[in-house]
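An overview of the molecular structure
Single-letter residue listing:
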Amino acid sequence: GILNKYGYGHAERHLNEWNTCCTIPSVNWREKDHLVFAANNLAMMLKMQNEKVDALYYYDAGVIRFPFAGLFHCETLLPTNSYFAFHMFNTLYRLGTQVACSCDVPGVYALAATNGKRSALVLANTGDKVVTFDLECLGVDFTDADTLRISKAYRYTLTGERAQNGKMKLSPYSCAEIRFY
């Protein structure tokens, strides 16, 4: 790449001040709690995990009354859906070891991690349609899994659902965290 060409191939790569709130023209960026932002923010983190990026710096994560502060409502300072999307990614981070995971559904991003005893799978649907797909996770029991969702019906909440025969549905602009504990 260009950094190698000029002798900077060793330099860290930081994606500074990223925010998906202004990238979707059909959604008013002032509606910060819109599900599309949560799904796209989570998708960004899931995708960047395996890219040549050393650090992501979200803009702006402050608890401030500023329109671009996408993790908290300006008026109430309560967390937005995007805040909970970051929480989902943190579940994977805290487990510590990324495990093989792939998804061939367009607009759906997935990442999984384990600590050797517990595991989790996190998914983000950035599309405007419901998607149904098969989950194939070696060595895990779906009957002993907890699912949390960010969607119209759930706000990073345990759903009580189980993936039936490995089948899963994701509503438009939604996120899911499946914990195998």
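Every chain begins its residue count from 1, and numbering advances along the sequence as written. Per-residue local features are limited, in this predicted model, to residues with pLDDT of at least 70; the limit for side-chain atom pairs, both in listing and counting, is 80 or more; totals at the level of whole chains, interfaces and linings are taken over all residues. Only hydrogens and water are removed before side-chain values are computed, so all heavy atoms of the structure are retained for them.

A short note on the sheet that holds strand E4 (residues 108–114)
- Two strands are counted as paired when DSSP detects at least two bridges linking them. Every helix listed is a DSSP run of H or I at least four residues long, and every strand listed is a run of E at least two residues long, numbered separately from the N terminus. Taken together, the six strands give an open sheet; going across it, the order is E3-E4-E5-E10-E7-E8, and neighbouring strands pair in antiparallel fashion. The outermost strands of the open sheet, each flanked by one partner alone, are strand E3 (97–99) and strand E8 (155–158). Shown here is a sheet whose adjacent strand axes are inclined to one another by a mean of 25°, direction ignored.
- Pairing between strand E7 (residues 145–150) and strand E10 (residues 174–180): six bridges, direction antiparallel. Bridged to Asp-146 within E10 is Arg-179.
- Should any heavy atoms of two residues lie within 4.5 Å, those residues are counted as being in contact. Interaxial angles span 0 to 180 degrees and are taken between N-to-C directions of axes, which are lines fitted to C-alpha atoms, for helices over the stretch in contact. Of the strands in this sheet, E4, strand E5 (119–125), E7 and E10 touch helix H2 (residues 35–48), which is tilted by about 125° from E5.

Some remarks on the packing of aromatic side chains
- Stacked, tilted and edge-to-face pairs are distinguished by plane angle, under 30 degrees for stacked and over 60 for edge-to-face with tilted covering the rest, among Phe, Tyr and Trp rings (Trp via its six-membered ring) whose centres lie within 6.5 Å. According to the stated counting rule, one finds three aromatic pairs in the structure shown.
- Measuring from centroid to centroid gives 5.2 Å for Tyr-83 and Phe-84, while their planes differ by 90°, and the two rings are edge-to-face.
- For Tyr-83, a relative accessible area of 29% corresponds to the partly exposed category.
- Considering the side-chain rings of Phe-84 and Tyr-156, the 5.9 Å spacing of their centres and the 20° angle between planes classify their relative orientation as stacked. Of this pair, Phe-84 sits in helix H3 (residues 81–95) while Tyr-156 sits in strand E8, placing them 72 residues apart in sequence.
- Since its relative accessible area comes to 13%, Tyr-156 is described here as buried.
- By the ring-pair criterion, three or more aromatic residues cluster together here, those being Phe-72, Tyr-83, Phe-84 and Tyr-156.
- Positioned above the aromatic ring of Tyr-181 is the side chain of Arg-118, whose terminal nitrogen or guanidinium carbon lies 4.6 Å from the ring centre. The buried label applies to any residue whose accessible area, calculated with a 1.4 Å probe on protein chains only, is under 20% of its type's maximum; exposed applies above 50%, and partly exposed to all values in between. Two conditions define a charge located above a ring, namely a distance within 6 Å from the ring centre to NZ of Lys or CZ of Arg, and an angle within 35 degrees of the ring normal.

Re unusual backbone geometry
- Backbone geometry at Tyr-156 places phi at a positive 50°, although glycine is not the residue there.
- Phi at Tyr-173 takes a positive value of approximately 45°, unusual for a residue other than glycine.
- Here Tyr-173 is to be found in the loop between strand E9 (167–170) and E10.
- With a relative accessible area of 24%, Tyr-173 lands in the partly exposed category.

A look at the packing of H2 against H3
- Relative orientation of the contacting elements H2 and H3 amounts to 25°, with a least axis distance of 8 Å. Judged by the inter-axis angle, H2 sits roughly parallel to H3. With respect to the hand of their crossing, H2 and H3 are arranged in right-handed fashion. Here Leu-35, Phe-37, Ala-38, Asn-41, Leu-42, Met-45 and Leu-46 of H2 lie close against H3, whose contacting residues are Asn-81, Ser-82, Ala-85, Phe-86, Met-88, Phe-89 and Leu-92.
- For this scheme, ten residues count as nonpolar: Ala, Val, Leu, Ile, Met, Phe, Trp, Tyr, Cys and Pro. Four count as charged, namely Asp, Glu, Lys and Arg, and the remainder, Gly too, count as polar. The residue inventory of the contact of H2 with H3, partitioned by class, reads 11 nonpolar, three polar and no charged. Put simply, angles under 35 degrees are roughly parallel, angles over 145 are roughly antiparallel, angles from 65 to 115 are roughly perpendicular, and the rest are oblique. Rotating anticlockwise by less than a right angle from the far helix to the near helix defines a left-handed crossing, while the corresponding clockwise rotation defines a right-handed one.

Description of the side chain of Thr-114
- By the element assignment, Thr-114 lies in strand E4.
- Under the rule applied, a polar contact is a pair of N or O atoms within 3.5 Å (in protein, one hydrogen donor and one hydrogen acceptor; residues adjacent in sequence only if both atoms are side-chain atoms). One polar contact links the side chain of Thr-114 to the main-chain carbonyl oxygen of Arg-118, over a distance of 2.8 Å.
- Within the structure, Thr-114 has its side chain in polar contact with the side chain of Ser-119 (distance 3.0 Å).
- Each residue touching Thr-114, except ones within four places of it in the same chain, is listed here: Leu-95, Gly-96, Thr-97, Val-99 and Ser-119.

Notes on H2
- How far a helix is expected to stretch is found by multiplying one less than its residue total by 1.5 Å. With 14 residues, H2 extends 20 Å from end C-alpha to end C-alpha; this agrees with the ideal 20 Å at 1.5 Å per step.
- Looking at H2, one finds that the buried residues are Leu-35, Val-36, Phe-37, Ala-38, Ala-39, Asn-40, Asn-41, Leu-42, Ala-43, Met-45, Leu-46 and Met-48.

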